[in-house]
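Structural overview
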Amino acid sequence: GAGVSQSPSNKVTEKGKDVELRCDPISGHTALYWYRQRLGQGLEFLIYFQGNSAPDKSGLPSDRFSAERTGESVSTLTIQRTQQEDSAVYLCASSIDPGAFSPLHFGNGTRLTVT
Amino acid sequence: TQLLEQSPQFLSIQEGENLTVYCNSSSVFSSLQWYRQEPGEGPVLLVTVVTGGEVKKLKRLTFQFGDARKDSSLHITAAQPGDTGLYLCAGSPGAGSYQLTFGKGTKLSVIP
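Residues numbered from 1 in each chain as written. Chains lettered and ligands numbered in written order. Predicted model: local features only at pLDDT ≥ 70, side-chain atom pairs only at ≥ 80, totals over all residues. Heavy atoms only, no water.

1. Notes on the sheet that holds strand E7 (residues 75–79) of chain A
Residue and element names in this part refer to chain A. The following threshold applies: Each pair of strands is called paired provided DSSP finds at least two bridges between the two strands. Under the DSSP-based scheme used, a helix requires at least four consecutive residues in state H or I and a strand at least two consecutive residues in state E, with every element numbered from the N terminus. Angular values range over 0 to 180 degrees, each being the angle between N-to-C directions of two axes fitted as lines to C-alpha atoms, with helices fitted over their stretch in contact.
Taken in spatial order, the four strands make up an open sheet running E1-E3-E7-E6, and their pairing is antiparallel. Across the chains shown, the open sheet's two edge strands, defined by having one partner strand only, are strand E1 (5–7) and strand E6 (65–69). Sheet twist, expressed as the average angle between the axes of neighbouring strands with direction ignored, equals 15°. Here E6 runs beside E7; their pairing, made up of five bridges, is antiparallel. When the bridges of E7 are listed, Ala67 appears paired with Leu77.

What follows is the structure in structure tokens.
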């Protein structure tokens, strides 16, 4: 596809369940980011992947959160034992290379609701 | 921790009016980006400013980066309903840095 694709677009889950969110970046983009956007808040950095380098996981809020990326393709963000405070829109973005001047191309996000 | 404060948080104006939104920090950024986000969609990049004092124009939108590279503004002339959305600024601490700090955004509503 031409843009970043995320699935599912919406996810409602019960507290304590695990969820898996998927991101398909733009082909050829080496950098991939996950952000969280809570209602009324700015985008919160979660994790960054660049090629085959070790990911920067410094933004993950707890050990319930993990993410994987295979090469320069699909990424999955997994949240284990979901809590109500995990409710947010999870945005994935890719860029052709890392660096301050490379624009981020965002997907439309996954809206996660934990009941 | 670098923070970006955006103001106002909400803005509702009539079609045809002019407006300015602000993005301020006590920290220096090597570059600053502005994004617009519409409901149910991801943010879309509008512009990147990299030089202190730089002014960039995109049709009716004018972006300015402060001389000290700590603040930025977005001015919209003759606002249209299509300008409605959440405007986010995002700063980078260094040219080689991939980490962006995002402000909370200004939610703009342009009433026909």
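There is more to say, and it comes next.
2. Focus: the pairing of strand E9 (residues 85–92) of chain B
Residues and elements named next belong to chain B. Threshold: Residue burial is assigned from relative accessible area. The probe radius is 1.4 Å, only protein chains are included, and a residue is buried under 20% of its type maximum, exposed over 50%, and partly exposed in between.
Most of E9 sits inside the fold, with eight of its eight residues counted as buried. Two strands pair when backbone bridges link them, and strand E4 (residues 31–37) and E9 are joined in this way by seven bridges, in the antiparallel orientation. In the strand pairing of E9, Leu32 is matched with Gly91. The pairing of E9 with strand E11 (residues 106–111) spans three bridges and is classified as antiparallel. Within the sheet, the bridge partner assigned to Leu86 lies in E11 and is Lys107. Inspection of the sheet shows E9 paired to strand E10 (residues 101–102) by two bridges, in the antiparallel sense. The residue bridging Ala90 from the neighbouring strand is Phe102, located in E10.

3. Observations concerning the interface of chain B and chain A
Often the size quoted for an interface is simply the accessible area lost on bringing the parts together. The test is simple: Any two residues whose heavy atoms approach within 4.5 Å are treated as being in contact. When two components associate, each loses some accessible surface as probed by a 1.4 Å sphere; the sum of these losses over both components is called the buried area. Salt bridge, as used here, is a side-chain nitrogen of Lys or Arg placed within 4 Å of a carboxyl oxygen of Asp or Glu. Counting of polar contacts relies on pairs of N or O atoms within 3.5 Å, with two restrictions inside protein: one atom must be capable of donating a hydrogen and the other of accepting it, and residues adjacent in sequence are counted only when both atoms are side-chain atoms.
Taken together, the contact between chain B and chain A spans 24 residues of the former and 22 residues of the latter. For the pair chain B and chain A, the two sides together bury roughly 1,700 Å², of which 56% comes from carbon and sulfur. It is Tyr98, Phe102 and Lys104 of chain B in chain B that bury the most area against chain A; as a group they hold 33% of the surface buried on that side. One can count zero salt bridges joining chain B with chain A. Linking chain B with chain A are four residue pairs in polar contact (both at pLDDT 80 or more). Elements with a contribution of two residues or more to the side of chain B that touches chain A: E4 and E9 of chain B. Considering every element that reaches the side of chain B that touches chain A, the biggest residue donor is E4 of chain B, with four residues.

4. A closer look at the nonpolar core
All names here are of chain B. Inclusion rule: The term nonpolar core refers to a set of buried residues drawn from Ala, Val, Leu, Ile, Met, Phe, Trp, Tyr and Cys, joined through side-chain atoms within 4.5 Å.
If you look at the biggest cluster of nonpolar residues, it comprises 21 residues, and the most contacted ones within it are Leu19, Leu32, Trp34, Phe63, Leu74, Ile76 and Leu108. Where this core is concerned, the elements lending two or more residues are strand E3 (19–24), E4, strand E5 (44–49), strand E7 (61–65), strand E8 (71–76), E9 and E11. Excluding residues that lie within four positions of it along the chain, Leu74 makes contacts with Leu19, Thr20, Val21, Trp34, Leu61, Thr62, Phe63 and Tyr87.

5. With respect to the pattern of salt bridges
All names here are of chain A. On inspection of all chains with the given rule, the structure shows five salt bridges over all chains. The salt bridge involving Arg36 is made with Glu44; its shortest N-O contact spans 3.0 Å. Among the salt bridges present, the one from Asp86 reaches Arg64, with a minimum N-O distance of 2.8 Å. Here Asp86, found in the loop between E7 and strand E8 (88–95), pairs with Arg64, found in the loop between strand E5 (43–50) and E6; they are 22 residues apart in sequence, far enough to count as distant. Across the pair, exposure class does not vary: Asp86 and Arg64 are buried alike.

6. Description of the sheet that holds E3 of chain B
Residue and element names in this part refer to chain B. Strand order in the open sheet formed by five strands is E1-E3-E8-E7-E6, with antiparallel pairing between adjacent strands. Edge positions in the sheet fall to strand E1 (5–7) and strand E6 (55–58), since each of these pairs with one other strand and no more. Taking the axes of each pair of neighbouring strands and ignoring which way they run, one obtains an average angle of 15° across the sheet. Direction of pairing for E6 relative to E7: antiparallel, over a ladder of four bridges. Counterpart to Val55 in the pairing with E7 is Gln64.

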